[in-house]
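The primary structure of each chain is shown beneath.
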Amino acid sequence: MHRKTRPTAKGLIVAVACAALVVGLVGLGFGLISRMNGSASDSVDEALAAIGDDPQAALEYLAPEEDGNVDEDGTWVPGQTTTDRWTMLTSRDWHKHAPGLDALTAVTGAASSFRNRAPSETDPDVPATADARATYACGRAMSYFGGEEFTKKDFTDTTKHNLAVVVANSPEEVAAAAAGKDEVSTGGEGPSLARWGVTPTDMSTMIFRFGDSQDAMTVANTGVGDYHHRRIEEAMSTDDPGQSNLGNEYGQLSRSSSYLTELSRMRYDEDMKADSRHAEDPSKASTHPVPNLLLAQAYGDAMNHGLLTDPSTLTTAKDHDWAVSDPDHPDAAPTVDIAGLTRGQADDMTAWKENSVTNKNDRRVLSNLDTSISTKWTSGRDAASDARTN
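**Side note on the packing of aromatic side chains**
A complete count under the given rule lists eight aromatic pairs for this structure. Considering the side-chain rings of Trp86 and Tyr136, the 6.4 Å spacing of their centres and the 85 degrees angle between planes classify their relative orientation as edge-to-face. Residue Trp86 is located in helix H5 (residues 80–91), and its partner Tyr136 is located in helix H7 (residues 130–145); the two are separated by 50 residues in the primary sequence. The exposure class of Trp86 is buried, given its relative accessible area of 1%. Note on Phe145 and Phe155: the rings are 6.3 Å apart at their centroids and 70 degrees apart in plane angle, and the pair reads as edge-to-face. Taken as a pair, Phe145 in helix H7 and Phe155 in the loop between H7 and helix H8 (157–168) lie far apart in primary sequence, ten residues in all. Phe155 shares its class with Phe145; the two are buried. A cation over a ring is seen here: Arg92 above Trp94, with NZ or CZ 5.0 Å from the ring centre.

**Quick look at the side chain of Asp212**
Residue position: Asp212 is located in the loop between helix H10 (200–209) and helix H11 (214–235). Look at Asp212 and you get buried, because its relative accessible area is 13%. A distance of 2.9 Å separates the side chain of Asp212 from the side chain of Lys160, its partner in a polar contact.

Criteria and thresholds
Residues numbered from 1 in each chain as written. Predicted model: local features only at pLDDT ≥ 70, side-chain atom pairs only at ≥ 80, totals over all residues. Heavy atoms only, no water. Phe/Tyr/Trp six-rings, centres within 6.5 Å; stacked < 30°, edge-to-face > 60°. Helix = DSSP H or I, 4+ residues; strand = E, 2+ residues; numbered from the N terminus. Buried < 20%, exposed > 50% of the residue type's maximum accessible area, 1.4 Å probe, protein only. Lys NZ or Arg CZ within 6 Å of the ring centre and 35° of its normal. Polar contact = N/O pair within 3.5 Å; in protein donor to acceptor, adjacent residues only side chain to side chain.

Interpretation in functional terms is not warranted from these geometric data alone.
Right, here's the structure in full:
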């Protein structure tokens, strides 16, 4: 069982993992890392560092293909070698091996790029077991780094970035946590982190711990945002797309965005309580989309998909720089570049909705989108409250 491929999520990992040779994989994966203790030996750190930029080697180390199988539910069932390796990794004293912790999270981030991928014409070299194995590795890592073994002080900037990549490649579970569900399930779309003990609290806590990093929050928001925008396009590509499709999907995007935003805000608040001299400006917390930008994206999608139909609405839109008109068809409805909207354009677009859209049907469409987004924004914020703030 495999979920649909996610090329954008795959692209995210490029910042962390570029192509590298898999020379010496057997030695790195099984020979050097055979001891079951957290000794002061550098072999573990060295082996992890050697494969942190190689997704295939990273996945083979964390979930060896020959040491397990995929069950009927699409879940990876690890063998004893894999189980022993994770016992070693999660019992090691990483306080004595700080560079090794950065390397371990880099390996996990690289392996996470195989989530939601299956062999295809455009991705032929992906093992059939890759999604299940990557989900297992991410699940073990999230329950570990979001658990009691660490605090926010243990995460370096590198660790924060690497774990944000794992989150970015696990957007379905982020959406589930933001929805306040009891478990971080994928809704039956494929192997789930919940199978490996990841709880909404683990997810929230791990994000909270890297929430003071603008870089990490940008990575996480990008991955989750891309996932929701793909869902929006799928929902609006049906034979009869409607306002309810668009409103529901933008509500879910709003909820996930609010969830991530709130966790970052909570982290900054905690830091400022501890010592305001060492906390960064909260305005630099992340590059999360603010409500006006979400509203403007929704308005733009409504226009792009033909939900706004009154000539006066479309005419007034053409007076603004966010509306793109076709010079060869001047009477056609304008379109909006959703991905390219600036915050200034978003502010202008919401003002246009309030002041220039007079048609009742078009105002109803836009107002219903407002309601969906604002309601879910509140629920996403509430879901963040279960994070351990340490």
